[in-house]
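Breakdown of the fold
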Amino acid sequence: MKIPTANQPVYQAPMRALHWTMALCIIALFVTGPIMVAFDAKDTLRPAFYSFHKSVGALIVALVFVRLAIRRLSHVPPLPAAMPPGERLLAHAAHWLLYAMMVAAPLTGWATSDMYGYGVKFFDMPLPKLFPTLGAETGAQAGDVHTVVTYLFLGLVGLHLLAIAKHRYLDRDCVMHRMA
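Residues numbered from 1 in each chain as written. Predicted model: local features only at pLDDT ≥ 70, side-chain atom pairs only at ≥ 80, totals over all residues. Heavy atoms only, no water.

1. Here's the deal with the overall build of the chain
Each helix and strand counted, the chain has 4 helices and 2 strands in total. Here the C-alpha coordinates of the chain stretch approximately 55 × 30 × 30 Å along the principal axes. Counting across all 180 residues of the chain, residues that qualify as buried make up 31%. Sequence-distant contacts, at least 24 apart, represent 72% of the contacts inside the chain between residues at least 6 apart. Per element, the accessible surface of the chain, about 10,900 Å² overall, is 72% carbon and sulfur. The centroid of the 15 positive side-chain charges in the chain is displaced by 12 Å from the centroid of its 9 negative side-chain charges. (Helix = DSSP H or I, 4+ residues; strand = E, 2+ residues; numbered from the N terminus. Buried < 20%, exposed > 50% of the residue type's maximum accessible area, 1.4 Å probe, protein only. Contact = heavy atoms within 4.5 Å. Areas by Shrake-Rupley, 256 points an atom, 1.4 Å probe, with all protein chains shown as cover. Lys, Arg positive; Asp, Glu negative; His and termini not counted. Charge placed at Lys NZ, Arg CZ, Asp CG, Glu CD.)

Here's what the structure looks like:
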């Protein structure tokens with residue numbers, strides 16, 4: 001592997017901090033989601049898991065917009081010059097799809113919660129109702145959409161991790177250094 005040098009461009013510190021903070025939040029959501037729905041309705045831990053999951057999801061929505069603003073105002077380091085044009089296009093498309101999923105997954109969860117009539121709280125602070133209460137049947141359908149979007153997001157994150165491994169172990173370039 002090529003050793004990163006001081007003159008190799010990297011993302012600015014705020015972008016790196018947001019990336020890794022959001023990565024931890026997204027991991028927390030991927031872990032808590034299946035756990036919370038597996039609880040029996042009478043389990044005393046269930047409300048705490050739902051509350052935490054919704055709070056972190058709402059935080060992700062806010063952070064993605066902060067991240068997009070910082071990205072717009074800061075320098076984005078270039079991809080390696082040796083990267084083929086098709087791969088560059090895939091990299092850019094994947095990044096924008098990740099941003100879209102960071103909004104779509106939490107918002108479909110928010111829709112589910114609102115449509116069931118539960119609402120969303122950010123660590124016990126009520127957040128605005130974005131979607132109408134439509135009852136259990138529509139809430140369940142929104143929940144199905146949330147599940148599908150989440151699995152698509154998880155698949156995209158998996159592809160992102162595979163791309164990192166490809167660049168690290170096959171291409172032996174310093175793409176990861178830009179965000180590390």
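There's plenty left to go through after this.
2. Examining the side chain of His19
For His19, the location among the structural elements is in helix 1 (residues 13-38). Discounting residues that sit within four places of it in the chain, His19 has contacts with Arg67, His160 and Met179.

3. Quick notes on the pattern of salt bridges
According to the stated counting rule, one finds 2 salt bridges in the structure shown. With a closest N to O distance of 2.3 Å, Asp171 and Lys166 form a salt bridge. Owing to a relative accessible area of 34%, Asp171 belongs among the partly exposed residues under this scheme. When salt bridges that share partners are traced, they join Glu87, Lys166 and Asp171 into one network. (Salt bridge = Lys/Arg side-chain N within 4 Å of Asp/Glu carboxyl O.)

4. Thoughts on helix 2 (residues 46-73)
Spanning 28 residues, helix 2 covers 41 Å between terminal C-alpha atoms, matching the ideal 40 Å at 1.5 Å per step. Among all positions in helix 2, only His53, Ser55, Val56, Gly57, Ala58, Ile60, Val61, Leu63, Val64, Arg67 and Arg71 are buried. In this structure, the buried side of helix 2 is in contact with helix 1, helix 3 (85-116), strand 1 (121-122) and helix 4 (136-171). (Expected span 1.5 Å × (residues − 1).)

5. Quick look at the packing of helix 1 against helix 2
Interaxial distance between helix 1 and helix 2 falls to 9 Å at its minimum, and their mutual angle equals 155°. As the angle between them shows, helix 1 and helix 2 are arranged roughly antiparallel. The interaxial crossing formed by helix 1 with helix 2 has left-handed handedness. Per-class residue counts for the contact of helix 1 with helix 2 are 21 nonpolar, 6 polar and 3 charged. (Axes fitted to C-alpha atoms, helices over the stretch in contact; angles between N-to-C directions. Parallel < 35°, antiparallel > 145°, perpendicular 65-115°, else oblique. Left-handed = near helix turned anticlockwise from the far one by under 90°. Nonpolar A, V, L, I, M, F, W, Y, C, P; charged D, E, K, R; others polar.)

6. Some words on helix 4
Between its terminal C-alpha atoms helix 4 stretches 50 Å, which fits the 52 Å expected from 36 residues at 1.5 Å a residue. Burial in helix 4 covers these residues: Gly139, Ala142, Gly143, His146, Val149, Phe153, Leu156 and His167. Looking at the buried positions of helix 4, the neighbouring elements they touch are helix 1, helix 2 and helix 3.

7. Considerations on the environment of Phe131
Looking at the secondary structure, you find Phe131 in the loop between strand 2 (125-126) and helix 4. By relative accessible area, Phe131 is classed as partly exposed at 25%.

8. Focus: the nonpolar core
Nonpolar side chains tend toward joint burial in soluble globular proteins. With 21 residues, the main nonpolar core has Met22, Ile60, Val64, Met102 and Phe153 as its most contacted residues. Leave out the neighbours within four places in its chain, and Ile60 touches Met22, Cys25, Ile26, Leu29, Met102 and Pro106. (Core = buried A, V, L, I, M, F, W, Y, C linked by side-chain atoms within 4.5 Å.)

9. Digging into the environment of Thr138
With respect to the helices and strands, the residue Thr138 is situated in helix 4. For Thr138, a relative accessible area of 24% translates into the label partly exposed. Once the C-alpha coordinates of Thr138 and Thr112 are considered, the two residues, 26 residues apart in sequence, prove to be 8.1 Å apart.

10. Points about the packing of aromatic side chains
The relative placement of two aromatic rings is captured by the distance of their centres and the angle of their planes. Applying the stated criterion across every chain, the model contains 5 aromatic pairs. An angle of 65° between the planes, with centres 5.5 Å apart, marks the rings of Phe30 and Phe153 as edge-to-face. Pair noted here: Phe30 is in helix 1 and Phe153 is in helix 4, with a separation of 123 residues, a long-range link. With centroids separated by 5.1 Å and ring planes inclined at 55°, the aromatic side chains of Phe39 and Phe49 adopt a geometry described as tilted. Separated by 10 residues along the polypeptide, Phe39 in the loop between helix 1 and helix 2 and Phe49 in helix 2 bring together distant segments of the chain. Residue Phe39 is classed as buried on the basis of its relative accessible area, which comes to 18%. (Phe/Tyr/Trp six-rings, centres within 6.5 Å; stacked < 30°, edge-to-face > 60°.)

So yeah, pure geometry; function would need other evidence.
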